[in-house]
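Chain residues, written in single-letter form:
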Amino acid sequence: MAQDKGVKMIPSGRNAERVVSAEQLERQVEFLTDTLIKGRATGSYGANETAFWIARQFREAGLRQFGESWSRSFNVGSEIGHNVMGFMPGKRQGGKEMYVLVTAHYDSHGVIEGTLYPGADSNASGVVAMVNIARMFAKMKDLGRSYGKNLIFVG
């Protein structure tokens, strides 16, 4: 990827790449896979807590919600699931609206026949990546870097 010759990024504590640390990513994955969350099965207490956590992360990153809520509910059999969505507007180019979706599923198997499936790879790590990408883009926007595409984040 070619770098714009007119933009010079000087490494400092203010740059977007400094928004995320390995320790922070590890703590977030540990939170989402903790026994208190119980694996995040769709419709479970853990899935609902995770949906609220994602919404907080989106709000703290400065994303906008769609309408009056961060989430949209749907039925999965007898359970109710939630898609959590955040929006970051981009810079309009030539009257065209362009969109990029960044998504990760946050539900997992949960507890099956007494065995906890914490879901680190399915998909706590993906959720943590998604919310931190949102934080990085928000920081870049704060630093004056704008994008030609609208960003939609969905858990």
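All figures in this text were calculated on a predicted structure; none of them were measured in a lab.

Q: Before we move on, can you summarise the environment of Ser-71 with the specific residues and values?
A: Relative to the elements of secondary structure, Ser-71 occurs in strand β1 (residues 71–76). Of the residues examined, Ser-71 reaches a relative accessible area of 25% and is grouped as partly exposed. The contact partners of Ser-71, leaving out residues within four places of it in the chain, are His-82, Asn-83 and Val-84.

Q: So, helix α3 (residues 120–142): which residues are in play, and what are the values?
A: Given a rise of 1.5 Å per residue, 23 residues ought to cover 33 Å, and the 31 Å separating the end C-alpha atoms of α3 matches this to within 8%. By the burial criterion, the buried members of α3 are Asn-123, Ala-124, Gly-126, Val-127, Val-128, Met-130, Val-131, Asn-132, Ala-134, Ala-138 and Met-140. In this structure, the buried side of α3 is in contact with α1 (22–32), α2 (45–60), β2 (79–88), β3 (99–103) and β6 (150–154). The positive-phi residue at the C-terminal boundary of α3 is Gly-144, with phi of around 95°.

Q: Tell me about a negative patch on the surface, and please be specific about residues and values.
A: Together, Glu-23, Glu-26, Glu-30 and Asp-34 line one region of the surface with negative charge. Looking at the secondary structure, you find Glu-30 in helix α1. The exposure class assigned to Glu-30 is partly exposed, which follows from its relative accessible area of 45%.

Q: Provide a residue-level description of the sheet that holds β2, including the pertinent values.
A: The strand order across the open sheet formed by 4 strands is β1-β2-β6-β3, and the pairing between neighbours is mixed. What marks the edges here is a single partner per strand, and that holds for β1 and β3. Adjacent strand axes in the sheet meet at a mean angle of 25°, parallel and antiparallel pairs treated alike. Where β1 and β2 come together, 6 bridges link them in antiparallel fashion. When the sheet's bridge partners are listed, Phe-74 is paired in β2 with Gly-81. In the packing of α2 onto the sheet, contacts are made with β2 and β6, and the angle to β2 comes to roughly 10°.

Scoring rules and cut-offs
- Residues numbered from 1 in each chain as written.
- Predicted model: local features only at pLDDT ≥ 70, side-chain atom pairs only at ≥ 80, totals over all residues.
- Heavy atoms only, no water.
- Helix = DSSP H or I, 4+ residues; strand = E, 2+ residues; numbered from the N terminus.
- Buried < 20%, exposed > 50% of the residue type's maximum accessible area, 1.4 Å probe, protein only.
- Contact = heavy atoms within 4.5 Å.
- Expected span 1.5 Å × (residues − 1).
- Patch = residues over 30% accessible without salt bridge, like charges linked within 9 Å, V, L, I, M, F, W, Y side chains within 5 Å.
- Areas by Shrake-Rupley, 256 points an atom, 1.4 Å probe, with all protein chains shown as cover.
- Salt bridge = Lys/Arg side-chain N within 4 Å of Asp/Glu carboxyl O.
- Lys, Arg positive; Asp, Glu negative; His and termini not counted.
- Charge placed at Lys NZ, Arg CZ, Asp CG, Glu CD.
- Pairing = 2+ DSSP bridges.
- Axes fitted to C-alpha atoms, helices over the stretch in contact; angles between N-to-C directions.

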